[in-house]
Amino acid sequence: MKQIMSVAGGVFCTISIISLIFGGASLSGMINLQNELKGRGKFDVVLGELIGTEKENEQKLKNKQNEVMLFFVLAGVTGSLGIGMILAGKNKPNTV
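Scope of this entry: the structure provided in the associated data block. Not measured: the values here are computed from a predicted model.

**Quick look at the overall build of the chain**
- Across its full length, the chain holds three helices and zero strands.
- Reading the chain from its N end, one meets helices and strands in the order α-α-α.
- What you see for the chain is a C-alpha radius of gyration of 21 Å, clearly larger than the 12 Å of a compact globule of 96 residues, by over 25%.
- In the chain, which comprises 96 residues, the share counted as buried stands at 21%.
- Taking contacts inside the chain between residues at least 6 apart in sequence as the whole, the part at least 24 apart equals 92%.
- For the chain, the exposed area adds up to about 6900 Å²; of that, 66% sits on carbon and sulfur atoms.
- One way to put it: in the chain the 10 positive side-chain charges average out to a point 17 Å from where the 7 negative ones average out.

Here is the structure:
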């Protein structure tokens, strides 16, 4: 049982690390989108408001923010579970 808990904890820690990597990539994409939206000229902003793409851009940015939050929360939860299971597996007495 000790080995199973330790292996499961390792799996959760791996999921946590992968989630952190995806969260970092999403954060980078969100920052690029923010910079792109800030760097637009006045003409592009007015044209976007007339056409309706401004609301789409706001929705894209909101979705990116939610995606980043999701990955970091997932990383935190799975990391905590993983560390807890590893510690529980190490401290569990040997039973047959």
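**As for the nonpolar core**
- Met-30, Leu-33, Leu-37, Leu-61 and Val-68 together form the largest nonpolar core, which totals five residues.
- Those elements that place two or more of their residues in this core are helix 1 (2-38) and helix 3 (53-91).
- Among the elements that make up this core, the one with the highest residue count is helix 1 (three residues).

**So, the pattern of salt bridges**
- The tally for this structure, following the rule as stated, stands at one salt bridge.
- The partner of Arg-40 in a salt bridge is Glu-54, with the nearest N and O atoms 2.9 Å apart. Of the two residues, Arg-40 is situated in the loop between helix 1 and helix 2 (42-51) and Glu-54 in helix 3; the sequence distance between them amounts to 14 residues.
- What makes Arg-40 partly exposed here is its relative accessible area of 22%.
- With relative accessibility at 15%, the residue Glu-54 sits in the buried group.

**A look at the packing of aromatic side chains**
- Under the criterion given, the structure shown has one aromatic pair.
- Judged by centre distance (5.7 Å) and plane angle (45°), the rings of Phe-22 and Phe-71 are tilted. One end of the pair, Phe-22, is in helix 1; the other, Phe-71, is in helix 3, with 49 residues separating them in the sequence.
- A relative accessible area of 45% means that Phe-22 is categorised as partly exposed.

**Examining helix 1**
- In a regular helix each residue adds 1.5 Å, so 37 residues correspond to 54 Å; helix 1 covers 53 Å between its end C-alpha atoms and thus fits that length.
- For helix 1, the complete set of buried residues consists of Met-5, Gly-9, Ser-16, Ser-19, Gly-23, Ser-26, Met-30, Leu-33 and Leu-37.
- Where the residues of helix 1 are buried, they touch helix 3.

**A word on the environment of Val-68**
- Inspection of the secondary structure assignment puts Val-68 in helix 3.
- Setting aside chain neighbours within four positions, we find Val-68 in contact with Gly-23, Ser-26, Leu-27 and Met-30.

Cut-offs and rules
- Residues numbered from 1 in each chain as written.
- Predicted model: local features only at pLDDT ≥ 70, side-chain atom pairs only at ≥ 80, totals over all residues.
- Heavy atoms only, no water.
- Helix = DSSP H or I, 4+ residues; strand = E, 2+ residues; numbered from the N terminus.
- Rg over C-alpha atoms; globule rule 2.2 N^0.38 Å.
- Buried < 20%, exposed > 50% of the residue type's maximum accessible area, 1.4 Å probe, protein only.
- Contact = heavy atoms within 4.5 Å.
- Areas by Shrake-Rupley, 256 points an atom, 1.4 Å probe, with all protein chains shown as cover.
- Lys, Arg positive; Asp, Glu negative; His and termini not counted.
- Charge placed at Lys NZ, Arg CZ, Asp CG, Glu CD.
- Core = buried A, V, L, I, M, F, W, Y, C linked by side-chain atoms within 4.5 Å.
- Salt bridge = Lys/Arg side-chain N within 4 Å of Asp/Glu carboxyl O.
- Phe/Tyr/Trp six-rings, centres within 6.5 Å; stacked < 30°, edge-to-face > 60°.
- Expected span 1.5 Å × (residues − 1).

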